[in-house]
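Residue-level listing of the chains:
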Amino acid sequence: MKILVTGGAGFIGSHTVVELYQSGFEPIIIDNFSNSEEKVLEGIQSIIGKSVVCYKADCNDAEALRQIFQKEQLAGVIHFAASKAVGESVEKPLMYYENNLGSTVLLLKIMREFGVKNFVFSSSCTVYGQPDSLPVTEATPRQEAASPYGNTKRICEDIIRDVVVSKAGLKAIALRYFNPIGAHESAVIGELPRGVPSNLVPFLTQAAVGLREKLTVFGSDYNTPDGTCIRDFIHVVDLAKAHVKALSLLAGVDTEDYYDVFNVGTGEGVTVLQLIQTFEKVNNLTLNYTIGPRRPGDIEQIYAQVDKSEKVMGWKAEKTLEDSLRDAWRWQQRLSK
């Protein structure tokens with residue numbers, strides 16, 4: 001069963017390609033490499049023992065997509081490809097709306113043209129904003145987005161749902177990710193941020209290896225046990241496996257028009273300081289970090305309730321925070337050699 005993985009050379013996409021292959025699917029990658037590196041393909045190959053078909057193309061290129069759909073006879077699509085930096089989205093909102101919404105709409109149109117019915121969408125817990133109560137469930141009301149990036153995820157969810165409701169023959173699942181961290185245990189694929197990392201763990205590992213002078217913790221006066229923000233950190237391999245479960249669920253759905261959303265997290269909230277202390281402990285090192293002022297737009301605390309994912313998809317996170325931080329450090333060390 002061939003599955004198109006858009007953005008398949010990215011952090012989450014590359015790990016999902018590995019898990020798809022190891023679960024009996026045949027992943028087909030499309031990536032324009034605007035936020036990824038072609039050498040990632042070598043890492044994937046070293047893990048699975050064979051090369052993966054990859055098209056260097058943009059998901060907003062209708063002709064390129066049609067050629068891929070025509071040639072590959074796909075059974076489903078997992079859609080990762082998107083611009084994803086919150087700060088950049090505030091500076092360049094039109095770019096984010098054009099890229100993220102446009103690619104999703106075009107994919108759905110071409111899927112319908114070629115009769116491809118199974119669609120898994122990469123969404124985000126950003127759709128919940130700062131929730132009124134914790135943990136958040138899939139029924140937790142979505143809040144007004146704090147950034148154009150977050151708004152594209154919310155709008156894409158609505159677009160997908162509306163297409164399903166229109167009786168277009170689409171079966172779709174939106175996976176609302178919490179905070180993916182870690183790397184493959186082989187340390188040959190992992191997160192490859194360009195420039196200054198926008199995520200905490202790459203900044204942390206770069207500070208630990210000496211690429212950055214220090215790590216800044218933004219805010220220590222939040223209403224949390226140690227005053228720092230709380231997040232739900234999930235190992236990227238566990239997240240990748242959730243996509244395989246989502247595809248399997250869609251394949252087993254009898255109705256032609258199906259849409260659902262699932263939280264993909266651990267169900268546990270961890271403070272930024274707890275994350276730092278765990279990283280130091282499992283990797284036997286000391287980090288140079290300082291406490292800075294709050295960062296505008298940061299949510300105080302959010303973590304998932306994942307009962308629905310376990311009950312309906314048969315998925316739950318298996319790797320620990322310690323596993324994630326150990327793998328992230330091994331990946332960073334390999335990059336720095």
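My aim in this report is to walk through the structure given alongside it, one point at a time. Predicted model only: the values in this text are computed from it and were never measured. (Residues numbered from 1 in each chain as written. Predicted model: local features only at pLDDT ≥ 70, side-chain atom pairs only at ≥ 80, totals over all residues. Heavy atoms only, no water.)

Quick look at the pairing of strand β5 (residues 118-124) now. Most of β5 sits inside the fold, with seven of its seven residues counted as buried. Burial of β5 is two-sided: the residues N118, V120, S122 and S124 facing one way and the residues F119, F121 and S123 facing the other way are all buried. Note: strand β4 (residues 76-79) against β5, four bridges, orientation parallel. Within β5, the residue paired with I78 across the bridge is V120. In terms of strand pairing, β5 meets strand β6 (residues 171-177) through seven bridges, oriented parallel. Directly across from S124, in β6, lies its bridge partner Y177. Once the chain exits β5 it traverses helix α6 (residues 148-165) before rejoining the sheet at β6, and the crossover so formed is right-handed. (Buried < 20%, exposed > 50% of the residue type's maximum accessible area, 1.4 Å probe, protein only. Helix = DSSP H or I, 4+ residues; strand = E, 2+ residues; numbered from the N terminus. Pairing = 2+ DSSP bridges. Right-handed = clockwise from strand over helix to strand, strands pointing away.)

Let us look at the nonpolar core. Among the nonpolar cores identified, the biggest contains 35 residues, and L20, I44, I173 and L175 are the most heavily contacted of them. Breaking this core down by element, the ones donating at least two residues are β1 (2-6), α1 (11-22), α2 (40-48), β6, α8 (236-252) and β11 (258-264). Sorting elements by how many residues they give to this core places α8 first, with nine residues. Not counting residues within four places of it along the chain, the set of residues in contact with L175 comprises V120, F121, S122, S123, S124, A242, H243, A246, F262, V264 and M313. One finds I28, I30, I110 and M111 within the second-largest nonpolar core, a separate group that totals 28 residues. (Core = buried A, V, L, I, M, F, W, Y, C linked by side-chain atoms within 4.5 Å. Contact = heavy atoms within 4.5 Å.)

So, on to the side chain of T6. Here T6 lies in strand β1. A residue is classified by how much of its surface remains accessible, and T6, at 0% relative accessible area, is buried. There is a polar contact of 2.9 Å between the side chain of T6 and the backbone nitrogen of F80. Side-chain polar atoms of T6 contact the backbone nitrogen of A81, separated by 3.0 Å. T6 has contacts with I30, C59, V77, I78, H79, F80, A81 and L107, leaving out every residue within four places of it along the chain. (Polar contact = N/O pair within 3.5 Å; in protein donor to acceptor, adjacent residues only side chain to side chain.)

What follows concerns the sheet that holds strand β2 (residues 26-31). Strand pairing in a sheet relies on backbone hydrogen bonds, with the paired strands running either antiparallel or parallel. Overall, parallel pairing links the seven strands, which are arranged β3-β2-β1-β4-β5-β6-β11 in an open sheet. With partners counted over all chains shown, the strands left at the sheet margins are β3 (54-56) and β11, one partner each. Across the sheet, the axes of successive neighbouring strands diverge by a mean angle of 20°, strand direction being ignored. Sheet strands in contact with α8 are β1, β4, β5, β6 and β11, and its direction is about 160° off that of β6. (Axes fitted to C-alpha atoms, helices over the stretch in contact; angles between N-to-C directions.)

Scanning the model with the defined rule gives three aromatic pairs in all. Sitting over the ring of F203, R212 keeps its end group 5.1 Å from the ring centre. (Phe/Tyr/Trp six-rings, centres within 6.5 Å; stacked < 30°, edge-to-face > 60°. Lys NZ or Arg CZ within 6 Å of the ring centre and 35° of its normal.)

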